[in-house]
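# Coordinate analysis (summary)
Chain by chain, the residues run as shown.
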Amino acid sequence: MLSKRLLCCAEMVRGKVAADIGTDHAWLPIYLVETGRCERAYACDIAEGPLSFAKKNISGAGLEGEIEAVLSDGLTELSDENISDIIIAGMGGEMIRDILANGLEKAKKANLILQPNTRAWELIDWLYRNGFEVSKQKAVADGKFVYPVINARFLGVVKILSEAECLAVRLDLGEEISQEYLSAQIKRLRDAANGMKKAANPDSRASELESTAGELEKLLGR
């Protein structure tokens, strides 16, 4: 059974050929093919260890003909021009950003499904600055944490958003889980600002963080 965050990623798949970057055990590609959501999939990882587990699970599911395990640093080794969806989940936002930047032309052609564990706003900021548009964003509770899942496509229109706008860009603020996610971001921002103020050499960014927290509180009607 997939985790809630990976199930959310699966629901955002639009085409028939998906590439899961940083696949680990290949549970997501297996799910996509077994449920008929995709006809084919690529299970990609940068390390031989995780990829060997992926191959074992793909074989165990009897899907060697539909799922190809690929040793790849991000998108670099993907050569299939028919890939409809690129999924990158369970990494820091800055790492996802770098993977997309290093495979920009491939990223521009696909439906992107991104699930950052940290620094989501930096990833969303990069997307908009590089002509991508976030079409959908969901907050998902999984274990003790709430994660954002982002659906984006390249439109070629550059936009500059504030940090608060990036964090809340397509969230449905009527959903309790979205409110919980933004509340956690507000706490993170205020804790970071307070820590900076107490440092021997206070960071000037403390006021920016407090301002962003204030913007998010307004969005939540506080």
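Please read these numbers as outputs of a predicted model, since none were measured by experiment.

## Digging into the pattern of salt bridges
- Throughout the structure, instances matching the rule amount to 15 salt bridges.
- Residue R97 is joined to D98 by a salt bridge in which the shortest nitrogen-to-oxygen separation is 3.1 Å.
- D98 sits in the partly exposed class, given a relative accessible area of 36%.
- In this structure, K108 and E105 form a salt bridge, with 3.5 Å as the shortest nitrogen-oxygen distance. Highlighted residues: K108 and E105, both in helix α5 (residues 104-108), separated by three residues, approximately one helical turn.
- A relative accessible area of 27% places K108 in the partly exposed class.
- Several salt bridges converge on common partners, so that one network encompasses R97, D98, R119 and E122.

## Side note on the sheet that holds strand β3 (residues 67-71)
- Ordered by their spatial adjacency, seven strands build an open sheet running β3-β2-β1-β4-β5-β7-β6, and the pairing between neighbours is mixed. Sheet topology places β3 and β6 (132-142) at the edges, where each strand pairs with a single neighbour. Mean inter-strand twist for the sheet, computed between neighbouring axes without regard to direction, equals 20 degrees.
- Examined bridge by bridge, strand β1 (residues 17-21) and strand β4 (residues 85-92) share four bridges and lie parallel to one another. In the sheet register, D20 faces β4, and the bridge partner there is I87.
- Along the sheet, helix α4 (residues 93-102) contacts β1, β4 and β5 (111-118); its crossing angle with β4, the most-contacted strand, is approximately 145 degrees.
- In the packing of helix α6 (residues 120-129) onto the sheet, contacts are made with β5, β6 and β7 (145-154), and the angle to β6 comes to roughly 165 degrees.

## Observations concerning a positive patch on the surface
- A cluster of basic residues, R14, K16, R37 and K136, forms a positive patch on the protein surface.
- Examined against the element boundaries, R14 turns out to sit in the loop between α1 (4-11) and β1.

## Considering the packing of α4 against α6
- Orientation of α4 relative to α6, taken along the N-to-C sense of each, is 25 degrees, at an axis distance of 7 Å. Judged on the interaxial angle alone, α6 and α4 are roughly parallel. By crossing handedness, the relation of α4 to α6 is classed as right-handed. In contact with G93, E94, I96, R97, L100 and A101 of α4, α6 contributes E122, L123, W126 and L127.
- Its residues assigned to classes, the contact of α4 with α6 shows six nonpolar, one polar and three charged.

Rules behind the numbers
- Residues numbered from 1 in each chain as written.
- Predicted model: local features only at pLDDT ≥ 70, side-chain atom pairs only at ≥ 80, totals over all residues.
- Heavy atoms only, no water.
- Salt bridge = Lys/Arg side-chain N within 4 Å of Asp/Glu carboxyl O.
- Buried < 20%, exposed > 50% of the residue type's maximum accessible area, 1.4 Å probe, protein only.
- Helix = DSSP H or I, 4+ residues; strand = E, 2+ residues; numbered from the N terminus.
- Pairing = 2+ DSSP bridges.
- Axes fitted to C-alpha atoms, helices over the stretch in contact; angles between N-to-C directions.
- Contact = heavy atoms within 4.5 Å.
- Patch = residues over 30% accessible without salt bridge, like charges linked within 9 Å, V, L, I, M, F, W, Y side chains within 5 Å.
- Areas by Shrake-Rupley, 256 points an atom, 1.4 Å probe, with all protein chains shown as cover.
- Lys, Arg positive; Asp, Glu negative; His and termini not counted.
- Charge placed at Lys NZ, Arg CZ, Asp CG, Glu CD.
- Parallel < 35°, antiparallel > 145°, perpendicular 65-115°, else oblique.
- Left-handed = near helix turned anticlockwise from the far one by under 90°.
- Nonpolar A, V, L, I, M, F, W, Y, C, P; charged D, E, K, R; others polar.

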